[in-house]
Amino acid sequence: MQSKGILMVVSGFAGVGKGTVIKELLSTQSQYTLSVSATTRAPRPGEVDGVNYFFRTREEFEQMIHENGLIEHAEYVGNYYGTPKAYVEEQLNLGKNVILEIEIQGAMNIKKQFPEAVLIFILPPDAKTLKERLVGRGTETMEVIEKRMNRACQEAEGIEEYDYVVVNDEVPQCAMRIHEIIEAEKAKAKKNLSLIESIRNGLKNL
Ligand code: 5GP
């Protein structure tokens, strides 16, 4: 039987480069898949509905909550964001490691519901680099950038609740470190009980 994949949360401050690191992981390792979230935020130039997000109105989003279609949802800088349930369950059952790229409230919610989930927080090399990246990206107004920096300060208080932190100095190395964390998680003895059992039985029958 195919063993279940690992549910992973990848968080990090706006501008830290989470998206780029996740893209690198997806393009170099086939056993990962990214869950596409729903949001009420407006698409940025180049973002495509169903690829980057499922872009929804507030009414449509509230309907999804009402129908129990989301594993978790949270409000972030004035918009709703949430993880659709069906895809995550299906992919975990297929043995894929499912990445949720979500903020901290969502991450804590996932940990409560799925204690075996692996929570990873991506840190910038230093605080100054973060603001420079966010301004340099040019996708947000100064007002939104300020709100996102304030949110980063709040989120910084909760990082200890994550299982791992990785620094995004170089994208390929950061993606590789995440992959190694997941490999180590998969190798945990309690995640390999049926393998251990079959070796035990084999020994008895020698
Ligand atoms: P952005 O607007 O920059 O795409 O995302 C804003 C924040 O929302 C990011 O921290 C991102 O990780 C988070 N986010 C994206 N999707 C979800 C989701 O489904 N649930 C939660 N809780 N946060 C999300």
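Before reading on, note that the structure itself is shown above.
Remember, it's a predicted structure, so these values are computed and weren't measured experimentally. (Residues numbered from 1 in each chain as written. Predicted model: local features only at pLDDT ≥ 70, side-chain atom pairs only at ≥ 80, totals over all residues. Heavy atoms only, no water.)

**Some words on unusual backbone geometry**
Positive phi is not limited to glycine here, since Asn68 has a value of about 65 degrees. As for its position among the elements, Asn68 is in the loop between α2 (58-66) and β5 (70-76). The phi dihedral of Val77 is positive, around 40 degrees, even though this residue is not glycine. Mapping Val77 onto the fold places it in the loop between β5 and β6 (79-84). (Helix = DSSP H or I, 4+ residues; strand = E, 2+ residues; numbered from the N terminus.)

**With respect to the environment of Pro115**
Checked against the element boundaries, Pro115 lands in the loop between α4 (104-113) and β8 (118-123). Accessibility expressed as a relative area gives 56% for Pro115, which makes it exposed. Along the sequence, Pro115 and Met149 sit 34 residues apart, while their C-alpha atoms lie 29 Å from each other. (Buried < 20%, exposed > 50% of the residue type's maximum accessible area, 1.4 Å probe, protein only.)

**Structural notes on the packing of aromatic side chains**
Summed over the entire model, instances satisfying the criterion amount to six aromatic pairs. Measuring from ring centre to ring centre gives 5.2 Å for Phe13 and Phe121, while their planes differ by 70 degrees; the resulting arrangement is edge-to-face. Here Phe13, found in the loop between β1 (7-12) and α1 (18-28), pairs with Phe121, found in strand β8; they are 108 residues apart in sequence, far enough to count as distant. When sorted by exposure, Phe13 lands in the same class as Phe121, which is buried. Ring centres of Phe61 and Tyr80 lie 4.8 Å apart, and the angle between their planes is 10 degrees; this geometry places the pair in the stacked category. Here Tyr80 lies in strand β6 and Phe61 lies in helix α2, a separation of 19 residues in the sequence. Summarising the burial analysis for this pair, Phe61 and Tyr80 share the class buried. Taken together through their ring pairs, the aromatic side chains of Tyr53, Phe55, Tyr76 and Tyr81 make up a single cluster. One Lys or Arg, Arg58, reaches over the ring of Tyr80 and ends 4.4 Å from the middle of that ring. (Phe/Tyr/Trp six-rings, centres within 6.5 Å; stacked < 30°, edge-to-face > 60°. Lys NZ or Arg CZ within 6 Å of the ring centre and 35° of its normal.)

**Overview of the sheet that holds strand β4 (residues 54-55)**
For sheets, the rule is that strands pair by backbone hydrogen bonds, running either parallel or antiparallel. Taken in spatial order, the four strands of this open sheet run β4-β3-β6-β5, and their pairing is mixed. If you trace the sheet from one side to the other, it starts and ends with β4 and β5, each paired once. Two strands pair when backbone bridges link them, and strand β3 (residues 38-39) and β6 are joined in this way by two bridges, in the antiparallel orientation. Counted as the bridge partner of Thr39 is Tyr81 from β6. (Pairing = 2+ DSSP bridges.)

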